[in-house]
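# Residue-level structural notes
One-letter residues, chain by chain:
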There are 2 protein chains.
Amino acid sequence: SGGPDSLTLLHLLRQLCGADWLAAAHVQHGLRPSAQAEADFVRETATSWHIPFVEMQVDVAELARQTGMTVEEAGRHARYRFFAQAARQFGAEAVAVGHNADDQAETVLMNLLRGSGLAGLGGMRPVGRVPGAEELVLLRPLLHTSRADIEAYCVAHQLQPRHDESNRDTSYFRNRIRHQLLPSLAAFNPQIKPHLGQLAQVVQADYDLLQQLFQAQWPDLLAGQGEGWLALRRGAWRELPVSWQRLALRQAVLAVRPSQTEIGFRSIEQARELALQDSSGMQAHLPGDVTLTVGYKRLIFALPDTAVPLDAPQISRRVPLPVPGLVDLSGGWALETAVVTKPDLQAIKNNPDPWTAYIDADAAGSLFVRPRQPGERMQPLGLDGRSAKLKDVMINRKMARELRPSWPIVANEEHTVWLVGQQIDERVRVTAVSQNIWQMRCYRQK
Amino acid sequence: SGGPDSLTLLHLLRQLCGADWLAAAHVQHGLRPSAQAEADFVRETATSWHIPFVEMQVDVAELARQTGMTVEEAGRHARYRFFAQAARQFGAEAVAVGHNADDQAETVLMNLLRGSGLAGLGGMRPVGRVPGAEELVLLRPLLHTSRADIEAYCVAHQLQPRHDESNRDTSYFRNRIRHQLLPSLAAFNPQIKPHLGQLAQVVQADYDLLQQLFQAQWPDLLAGQGEGWLALRRGAWRELPVSWQRLALRQAVLAVRPSQTEIGFRSIEQARELALQDSSGMQAHLPGDVTLTVGYKRLIFALPDTAVPLDAPQISRRVPLPVPGLVDLSGGWALETAVVTKPDLQAIKNNPDPWTAYIDADAAGSLFVRPRQPGERMQPLGLDGRSAKLKDVMINRKMARELRPSWPIVANEEHTVWLVGQQIDERVRVTAVSQNIWQMRCYRQK
């Protein structure tokens, strides 16, 4: 940019490896009135140092409008795409950028304030991969050098960076962190900047190790993957330690939406709590428009409008449900009924399996299984006989929108009996005076 | 303390499990003028609720003076010791304390400012062990409840806590965090407190998992342990990922100094860098007065004045060193010499093993091995023939003080030849014109 960081970086790299091994790439953001003068300065500097120079002009504000990204995100995307393109043009294997230790402290603090968890507290890496061009190495040689040292270097080597302008490149939030928050934290601990840098180093090593050990679990965890979707084995996922449960959710989101850079831990945590529940069919919303649908044996992550293999029972028409008997639902699912001859009332009351239901046969009468009907109401167990729209019950239980219309309902001629896998109706519940008890069980046959 | 937190805690526990299962313990810190009125209030409240009550008076300022701890640390130690004692007196299995979500946010921030790494960012645990009484469970039932909710609970249940006084219990630093820093962070993100709490939860899970996986490595890592010391296998330690290298150093410090609560990552990092070097005999200082001495095959952690089995060569008198030949040093060490018949100059120049040295035989002459002499000087290789006191060379190389007086020196009649395992003298170095070359090797025989 012609600022102290990139100028120092270019000067140092020229000292270390010579102009022949370098090319300079400059992005003109089109946001600032002085952008042209800046570009001219960088071009003149590079030329006078015999370093090939490429530049790109991008209207970041317009790009942000088009893509729905923030101006900062849009600028970042455009920059790295151009850097990758420039690197390929020159046959380079690596892209070096000028982030310094102060930038790192600011990034760690910003991520802390945004609540982005360990991944964010690790800040920027000294060596990584260019986003969107993973074959290119991304280097940050100045990441452990303070801004003050970089400015001293400029003075010592008579470099005259374009000073005031480069600051405006950063977002308003980052500027407030830099000019207000960090100075006020320094009143509590003058070493706050190096501390934040060291914290980033520690967290990077810890996070890398957790990630690396986690990767060994991933193949066993993965149940399937396709265009815009991915499924994890729910049982295997539940057996993981909490830390890896979170990593798995994060990795799944990134697998279906690789461009997603920020995944806050609040959304991960909400998804995790949902996926830990016994019930199925619920849906959670994750960053990047990724939905998590909790299937019978799978956790399914998908982009909007993706055709995902369903992992839940579905039915399209009404069929009689004999007792005892078995009805085939679509997708290999079955609904099986039986007469309970020796009921254990305590076990029935504490039944932990939502896919098995016990009902009072005399209250139930002849049964059918069918999709829900428009405006249908039920009296969910435990609401003291109050009734609710089946649609609202489904929404309250966070059941996936696309599963709701064909979700199997067991009913008699008068009313709902069982919202399969979810909830029985108060009117058919087993009580101490029940004479005849039926068991219903829904499961996938293969 | 009679403050909102402990009063709410006692009230809630009484509702949940009844007075018969509880006992209240109050520490009178003797720091505040109103301490007696506070103790009276707690006693009266407990008595009116039919809960047995014990109290202890402790002069925390005096205790801090005696032990060298800060007032805050001393108070903490005294409190938990008393709680453990009270728990045993009543046959209790757990101690519950009133820390709330605001306390947690403050703790995380304080630890962030102090630079205490992942262990500190995890903050307080909802369920843990009483410090110094590991058989007792320590519970923090209010850790996810905000201070505002606790105060609302007090109002709703007509509890009248002793308000103003309880705040002074906290250190000045915590008060500044509470009243200045957190409000200013809230201007950047109104959700900062819940964010910090969630961060703590995430970090706890990640750190627990890293710890748990690390514990499987520990037995292989441990080389020996005694009163006030512990040794790790240096080779095995170096093979660990960075994250576990840090955990191992932390665990070693805690093993020899269990009372150490804060281990900053800067000291861990300095020790780690020292232990990664090829040389031996160096010493690093860790928190709690623990020294790390880098031995030949061991990393030795010890308290001051601890008799530790040395893992470095030592010699007490001058003996001739024949070439070729072998001299036994104490502790199973040997110094072996040989004539190099087909010298590979490049390999000699790049020799990575500090325990093997090559010298110009004609420059060396007849050799001895002995302890250093008072005021002895050498010309360390690579300093362009400048000379330095052997004592200063040893100090600069951070060699352990107790090892220095008996560290073996190879010398001829005129001057130092080799500070064994560390540095050869410029005057005996091998050059392109060397005619005769000797090899010296120091190693442990068993």
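Residues numbered from 1 in each chain as written. Chains lettered and ligands numbered in written order. Predicted model: local features only at pLDDT ≥ 70, side-chain atom pairs only at ≥ 80, totals over all residues. Heavy atoms only, no water.

Next up on the list: the overall build of chain A. Along chain A, the regular secondary structure elements total 17 helices and 21 strands. Taken along its principal axes, the extent of the C-alpha atoms in chain A is 95 × 45 × 40 Å. When burial is assessed residue by residue, chain A has 52% of its 446 residues classed as buried. Expressed as a percentage of contacts within chain A between residues at least 6 apart in sequence, the contacts between residues at least 24 apart total 67%. Counting 48 positive and 47 negative side-chain charges, chain A places the centres of these two groups 5 Å from one another. (Helix = DSSP H or I, 4+ residues; strand = E, 2+ residues; numbered from the N terminus. Buried < 20%, exposed > 50% of the residue type's maximum accessible area, 1.4 Å probe, protein only. Contact = heavy atoms within 4.5 Å. Lys, Arg positive; Asp, Glu negative; His and termini not counted. Charge placed at Lys NZ, Arg CZ, Asp CG, Glu CD.)

As a further point, take the interface of chain A and chain B. Tallying the contact residues gives 39 residues for chain A and 39 residues for chain B. In this assembly, chain A packs against chain B so that about 3500 Å² is buried in total across both faces, 73% of it on carbon and sulfur atoms. Considering only the surface of chain A that becomes buried against chain B, Leu113, Phe188 and Phe265 of chain A emerge as the three largest contributors, covering 20% of it. Our count for the contact surface shared by chain A and chain B stands at 0 salt bridges. On inspection of chain A and its partner chain B, the count reaches 6 residue pairs in polar contact (both at pLDDT 80 or more). Here the side of chain A that touches chain B gets 14 residues from one element, more than from any other, and that element is helix H10 (residues 192–215) of chain A. Residues that form the side of chain A that touches chain B fall into these classes: 24 nonpolar, 10 polar and 5 charged. (Buried area = accessible area lost by both parts, 1.4 Å probe. Salt bridge = Lys/Arg side-chain N within 4 Å of Asp/Glu carboxyl O. Polar contact = N/O pair within 3.5 Å; in protein donor to acceptor, adjacent residues only side chain to side chain. Nonpolar A, V, L, I, M, F, W, Y, C, P; charged D, E, K, R; others polar.)

Looking now at the relation of the copies chain A and chain B. Applying a rotation about an axis and a shift along it to one chain copy brings it onto the other copy. Superposing chain A onto chain B requires a rotation of 180° together with a translation of 0.1 Å along the rotation axis, leaving an RMSD of 0.2 Å. On this basis, the relationship between the two copies can be described by a two-fold rotation axis. Residues of chain A ranked by C-alpha distance from the rotation axis are headed by Leu210 of chain A, positioned 3.5 Å from it. Both copies contact each other with a shared surface, as 100% of the interface residues of chain A are interface residues in chain B too. (Least-squares fit on C-alpha atoms with pLDDT ≥ 70 in both.)

All names here are of chain A. Under the counting rule described, the total for this entry stands at 40 salt bridges over all chains. Measuring nitrogen to oxygen at the nearest pair gives 3.2 Å for the salt bridge that ties Arg174 to Glu106. Separated by 68 residues along the polypeptide, Arg174 in helix H9 (residues 172–186) and Glu106 in helix H5 (residues 101–114) bring together distant segments of the chain. Of the two residues, Arg174 and Glu106, neither departs from the other in class, the shared state being buried.

Before going further, it helps to examine the packing of aromatic side chains. A full pass over the atoms with the stated rule returns 16 aromatic pairs over all chains. With centroids separated by 6.3 Å and ring planes inclined at 45°, the aromatic side chains of Phe214 of chain A and Trp244 of chain A adopt a geometry described as tilted. One end of the pair, Phe214 of chain A, is in helix H10; the other, Trp244 of chain A, is in helix H13 (residues 242–256), and 30 residues separate them in sequence. You can call Trp244 of chain A buried: its relative accessible area is 6%. Each ring, one from Phe82 of chain B and one from Phe83 of chain B, has its centre 6.2 Å from the other, and the planes form 45°; the classification is tilted. Judged by its relative accessible area of 14%, Phe83 of chain B is buried. In this structure an aromatic cluster arises from ring pairing among Tyr296, Trp333, Trp355 and Trp407 of chain A. The ring of Phe368 of chain A has Arg318 of chain A sitting right over it, with the charged end atom 3.5 Å from the ring centre. (Phe/Tyr/Trp six-rings, centres within 6.5 Å; stacked < 30°, edge-to-face > 60°. Lys NZ or Arg CZ within 6 Å of the ring centre and 35° of its normal.)

A separate point is the domain arrangement of chain A. Assigned domains of chain A: these are domain 1 (4–208), domain 2 (216–302) and domain 3 (319–444). Taking the mean C-alpha position of each, domain 1 of chain A and domain 3 of chain A sit 59 Å from one another. (Domains from an automatic or database assignment.)

A few words now on unusual backbone geometry. All names here are of chain A. Of note, the amide linkage connecting Val323 to Pro324 takes the cis form, showing an omega dihedral of -5°. Of note in the backbone geometry, Asp384 takes a positive phi value of approximately 55° without being a glycine. Structurally, Asp384 is set in the loop between strand S16 (377–378) and strand S17 (388–389). Positioned with a positive phi, Lys398 is a non-glycine residue whose angle comes to about 60°. Checked against the element boundaries, Lys398 lands in the loop between helix H17 (390–396) and strand S18 (409–411). For Lys398, a relative accessible area of 48% gives the class partly exposed.

All names here are of chain A. Following both chains from N to C, one finds H10 and H13 inclined at 80°, their axes separated by 11 Å at the closest point. For the element pair H10 / H13, the angle class is roughly perpendicular. Each of Tyr207, Leu210, Gln211, Leu213, Phe214 and Gln215 in H10 lies in contact with H13, whose residues at this interface are Ser243, Trp244, Leu247, Ala248, Arg250 and Gln251. Of the residues that constitute the contact of H10 with H13, the class distribution is 7 nonpolar, 4 polar and 1 charged. (Axes fitted to C-alpha atoms, helices over the stretch in contact; angles between N-to-C directions. Parallel < 35°, antiparallel > 145°, perpendicular 65-115°, else oblique.)

Together, Arg377, Lys389, Lys391 and Arg401 of chain A line one region of the surface with positive charge. As for its position among the elements, Arg377 of chain A is in strand S16. (Patch = residues over 30% accessible without salt bridge, like charges linked within 9 Å, V, L, I, M, F, W, Y side chains within 5 Å. Areas by Shrake-Rupley, 256 points an atom, 1.4 Å probe, with all protein chains shown as cover.)

Residue and element names in this part refer to chain B. Most of strand S9 (residues 290–294) sits out of view: 5 of its 5 residues are buried. The alternating pattern of S9 places Val290, Leu292 and Val294 on one face and Thr291 and Thr293 on the opposite face, and all of these are buried. Sheet analysis places strand S8 (residues 283–286) next to S9, joined by 4 bridges and oriented antiparallel. Residue pairing in the sheet places Ala284 in a bridge with Leu292 of S9. Turn length for the S8-S9 hairpin, with the two strands adjacent in sequence and antiparallel, is 3 residues, and the turn residue Gly288 shows positive phi of about 75°. Both S9 and strand S10 (residues 298–302) contribute to a ladder of 4 bridges, which runs antiparallel. (Pairing = 2+ DSSP bridges.)

Residues and elements named next belong to chain A. Following the sequence through the fold, Asp425 ends up in the loop between strand S20 (423–424) and strand S21 (437–444). Look at Asp425 and you get buried, because its relative accessible area is 0%. Polar contacts involving the side chain of Asp425 include one to the side chain of Arg427, which spans 2.8 Å. When near neighbours in sequence (up to four residues on either side) are disregarded, Asp425 contacts Met378, Gln379, His415, Thr416 and Val417.

Moving on: the environment of Leu345 of chain B. All names here are of chain B. Along the chain, Leu345 turns up in helix H15 (residues 345–349). Accessibility expressed as a relative area gives 37% for Leu345, which makes it partly exposed. In this structure, the C-alpha to C-alpha distance between Leu345 and Tyr358, residues 13 residues apart in sequence, is 9.9 Å. Filtering out sequence-adjacent residues up to four positions away, Leu345 remains in contact with Val430, Thr431, Ala432 and Ile437.

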